[in-house]
Amino acid sequence: MLQNVAANLQIPYEGEDQGLDPSHYYEILKKRIFYLLVPFILVLAVGSAVAMLWPPTYISEGKILVESQQIPTDLVKPTVTATAKERIQVIQQRVMTRDNLLAIVDKYQMFAGQRDRLSRTELLDLMRESTRVEPIVFDQAKAQSETIAISVGFSHRQPDVATKVANELLTLFLNEDARNRTNRAMETSKFLAREAQRLEGELGSIEAKISELKRQQRTSPMLESAVAQAVAQLPQLAALKAELAAKSGVYSKTHPEVKRLKAQIEAMEKMNAPSAQVAAPAAALAPTQTAAPVAPVDNDALDALLTQRRSIQNNLETAGQKLAAARLGENLERDQFSERLEVLEQAIMPQKPIKPNRPKVLGLAFLAAIMAGFGGVFAVESFDRTIRGSRDLLSVAEGHLVVAIPYISTRAELLRKKNRIVYAIGISVAVVLAGLVAVHVLVRPLDDLWTILLARLG
């Protein structure tokens, strides 16, 4: 019966077997347009405000190149053998120390609005979070990639501060690398110099022992010869002195014979003065005692000392060669001819922020606004028990009791309907214009985007 009535009155019938009817949902949207537009506009306005008022964050980056040694390693070997990746890791840890980062904060008066409520540790954490150090490798596919450059950057809400801090970090990296390499080369040279000095001291001690043994070996026969010579010449000297005494009693002091005897005695005394001191007591003891034998020299001890001396000389020669190479490497590091870090690109002031991504935020806000609008309509419809169609009517009444009466709209209702349509069109146009203005101001001028679009289409 209900189907016949609906057919006679030209009213669409919504049976249980008809499924989804677009006209039914269209009527719901027309009736609940206010609940659709209000959440949509509110959410879109909030999202647009967030996208526009979100403080931008800029990042300024510079690049440091790991330059290889300028002099061939076959000619001069460097004393610092650590790889560039290991050195960069050590340098990064030394640069990112508490004192360095807090000194940068104080130098550029960073986080001025947050310093009153943040501790020094929290400021240090902010600095480390804002600093970015990334290695640039030559070949990502290799298991052991060689680092050839590093990127050092700093992010901040003010682009000029980000640039200054990034350049400050670049300077710290370069200074720390030069200081680290030079100190290592100097420490190597000092160690080898101390080792060479120690070996020279040991060699001098061994030389002294060897000289003492050799002196003892030479002194034994010389002593016996001196004693024998002194004993042999003592009677002759005594005879000359006796003859001089006899002739002095006969002749004057100017007599040629007296002068000759004095000259011989003086010459013999001068010649045998050293041996006479030893020979005199030896000669006095000669008639009564036999000379004691001299202790023999230990040849085994002498051979051991000579072997030890050769070993120390070889070690000293090796240490001297290493010391010369270390000093050459030290000069190489001091003159910066070895592998070193060099600024490839200086940090410049960024022109665009890295976050927020305003187009993305606006797009998400638009989607959230659509969801909020349809969610509002769904919520109102869920709690509304008004009967608006045959489907709702059949759920509460039997079919033979239902008579379909067409709805007659009044002039006021038709006017309100037209006003709603006008309001919806105006709001849509306003939203589109607001989006275009936001893109023009926050993202890129519209004339530039139009030029890029025409260039791509052409």
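Since this is a predicted model, take the numbers as computed values, not measurements.

So, how was this worked out
- Residues numbered from 1 in each chain as written.
- Predicted model: local features only at pLDDT ≥ 70, side-chain atom pairs only at ≥ 80, totals over all residues.
- Heavy atoms only, no water.
- Helix = DSSP H or I, 4+ residues; strand = E, 2+ residues; numbered from the N terminus.
- Buried < 20%, exposed > 50% of the residue type's maximum accessible area, 1.4 Å probe, protein only.
- Contact = heavy atoms within 4.5 Å.
- Areas by Shrake-Rupley, 256 points an atom, 1.4 Å probe, with all protein chains shown as cover.
- Salt bridge = Lys/Arg side-chain N within 4 Å of Asp/Glu carboxyl O.
- Expected span 1.5 Å × (residues − 1).
- Arc of directions from axis to C-beta.
- Phe/Tyr/Trp six-rings, centres within 6.5 Å; stacked < 30°, edge-to-face > 60°.
- Polar contact = N/O pair within 3.5 Å; in protein donor to acceptor, adjacent residues only side chain to side chain.
- pLDDT = per-residue confidence, 0-100.
- Core = buried A, V, L, I, M, F, W, Y, C linked by side-chain atoms within 4.5 Å.
- Axes fitted to C-alpha atoms, helices over the stretch in contact; angles between N-to-C directions.
- Parallel < 35°, antiparallel > 145°, perpendicular 65-115°, else oblique.
- Left-handed = near helix turned anticlockwise from the far one by under 90°.
- Nonpolar A, V, L, I, M, F, W, Y, C, P; charged D, E, K, R; others polar.
- Patch = residues over 30% accessible without salt bridge, like charges linked within 9 Å, V, L, I, M, F, W, Y side chains within 5 Å.

Q: Can you walk me through the overall build of the protein in this structure?
A: Helix and strand content of the protein: 14 helices and 4 strands. Taken over 458 residues, the protein has a buried fraction of 27%. The long-range fraction of contacts in the protein, counting pairs at least 24 apart against all pairs at least 6 apart in sequence, stands at 78%. Only carbon and sulfur atoms are counted for the fraction: they give 60% of the accessible area of the protein, which is about 30500 Å².

Q: Whenever I open this one, the pattern of salt bridges confuses me. Can you help?
A: The full count for this structure, using the stated rule, is 10 salt bridges. Of the charged contacts in the structure, one is a salt bridge between Glu-195 and Arg-198, with a shortest N-O distance of 2.4 Å. Here Arg-198 and Glu-195 lie together in helix H7 (residues 159–248), a separation of 3 residues that amounts to about one turn. Residue classification places Glu-195 among the partly exposed residues on the basis of a relative accessible area of 26%. Accessibility expressed as a relative area gives 40% for Arg-198, which makes it partly exposed. Residue Glu-202 pairs with Arg-198 through a salt bridge whose shortest N-O separation is 2.7 Å.

Q: What is the right way to look at helix H3 (residues 33–53) in this model?
A: Since there are 3.6 residues in each turn of an α-helix, residues three or four apart along the chain are aligned in direction. With 21 residues, H3 extends 30 Å between its outermost C-alpha atoms, agreeing within 8% with the 30 Å of an ideal straight helix rising 1.5 Å per residue. Taken together, the buried positions of H3 are occupied by Leu-36, Leu-37, Phe-40, Leu-44, Gly-47, Ser-48 and Ala-51. Buried residues of H3 fall within an arc of 115 degrees about the axis and therefore sit on the same side. H3 presents Phe-34, Leu-42, Val-46 and Leu-53 as exposed residues on the side facing more than 90 degrees away from its buried surface.

Q: I would appreciate a short explanation of the side chain of Ser-189 in the present structure.
A: By the secondary structure assignment, Ser-189 is in helix H7. The buried category is assigned to Ser-189, whose relative accessible area is 6%. Filtering out sequence-adjacent residues up to four positions away, Ser-189 remains in contact with Leu-323, Ala-326, Arg-327 and Glu-330.

Q: Please explain unusual backbone geometry as it appears in this structure.
A: The linkage connecting Lys-355 with the following residue, Pro-356, adopts the cis geometry, with an omega of 5 degrees. Locating Pro-356 in the fold gives a position in the loop between strand S4 (340–345) and helix H11 (358–383). Phi is positive for Gln-109, close to 50 degrees, though the residue is something other than glycine.

Q: Help me out: how do you make sense of the packing of aromatic side chains in this one?
A: What characterises a pair of aromatic rings is the spacing of the ring centres plus the angle enclosed by the ring planes. Applying the stated criterion across every chain yields a total of 2 aromatic pairs. An angle of 80 degrees between the planes, with centres 5.8 Å apart, marks the rings of Phe-34 and Tyr-35 as edge-to-face. For Tyr-35, a relative accessible area of 37% gives the class partly exposed. Ring centres of Phe-40 and Phe-366 lie 5.7 Å apart, and the angle between their planes is 85 degrees; this geometry places the pair in the edge-to-face category. With Phe-40 in helix H3 and Phe-366 in helix H11, this pair connects stretches of sequence that are 326 residues apart. Of the residues examined, Phe-40 reaches a relative accessible area of 16% and is grouped as buried.

Q: Looking at this model, I keep getting lost on the environment of Arg-132. Mind explaining?
A: Looking at where Arg-132 falls in the secondary structure, it is placed in strand S2 (residues 131–137). With sequence-adjacent residues up to four places away left out, Arg-132 is seen in contact with Ile-59, Glu-61, Ser-151, Val-152 and Gly-153. One polar contact links Arg-132 to Glu-61, side chain to side chain, over a distance of 2.3 Å.

Q: Any chance you could explain the confidence of the model for the protein here in plain terms?
A: Model confidence for the protein is summarised by a mean pLDDT of 75, while 69% of its residues fall at 70 or above. Note that pLDDT drops below 50 for residues 1–19; the model gives that stretch 28 contacts with residues more than four away or on any other chain. pLDDT under 50 marks residues 278–295. Its contacts with residues more than four places away, or in other chains, come to 15 contacts.

Q: Can you walk me through the nonpolar core in this structure?
A: Core analysis: the largest hydrophobic core is formed by 27 residues, its most contacted members being Ile-64, Met-110, Met-127, Val-152, Val-165 and Phe-173. Among the elements of the structure, strand S1 (58–67), helix H4 (84–95), helix H5 (98–108), helix H6 (120–130), strand S3 (147–156) and H7 are those that each provide at least two residues to this core. Considering every element that reaches this core, the biggest residue donor is H7, with 6 residues. Contact partners of Phe-173, with chain neighbours within four places excluded, come to Ile-64, Ile-91, Gln-92, Val-95, Val-133, Ile-150, Val-152 and Leu-341. Core analysis: the second largest hydrophobic core is formed by 12 residues, Leu-199, Leu-302, Leu-305 and Leu-316 among them.

Q: Looking at this structure, I do not really get the packing of H3 against H11. What am I missing?
A: Angle between the axes and distance between the axes are the two parameters that describe a pair of packed helices. For the pair H3 and H11, interaxial distance at closest approach is 7 Å and the crossing angle is 160 degrees. Classed by the angle they form, the pair H3 and H11 counts as roughly antiparallel. Between H3 and H11 lies a crossing whose hand is right-handed. Here the contact of H3 with H11 is built from residues that sort into 19 nonpolar, 4 polar and 1 charged.

Q: Where do I start with the packing of H3 against helix H13 (residues 411–443) in this structure?
A: Viewed as axis vectors pointing N to C, H3 and H13 meet at an angle of 10 degrees, and their least axial separation amounts to 12 Å. Taken together, the axes of H3 and H13 lie roughly parallel to each other. Between H3, through Ile-33, Leu-37, Phe-40, Ile-41, Leu-44, Ala-51 and Met-52, and H13, the contact on the second element is made entirely by Arg-420, Ala-424, Ile-427, Val-431 and Leu-442. Grouping the amino acids of the contact of H3 with H13 by side-chain chemistry returns 11 nonpolar, no polar and 1 charged.

Q: Mind showing me how you'd approach a nonpolar patch on the surface here?
A: Among the surface-exposed residues, Ile-421, Ile-425, Val-429, Val-432, Leu-433 and Leu-436 lie close enough to one another that they form a single nonpolar patch of about 540 Å² accessible area. Position of Ile-421 among the secondary structure elements: in helix H13.

Q: Would you mind going over the environment of Gln-313 with me for this structure?
A: Turning to its location among the elements, Gln-313 is positioned in helix H10 (residues 299–334). Gln-313 gets classed as partly exposed once you look at its relative accessible area, which sits at 34%. Once the C-alpha coordinates of Gln-313 and Glu-200 are considered, the two residues, 113 residues apart in sequence, prove to be 8.5 Å apart. Residues in contact with Gln-313, not counting those within four places in the same chain, are Leu-203 and Glu-207.

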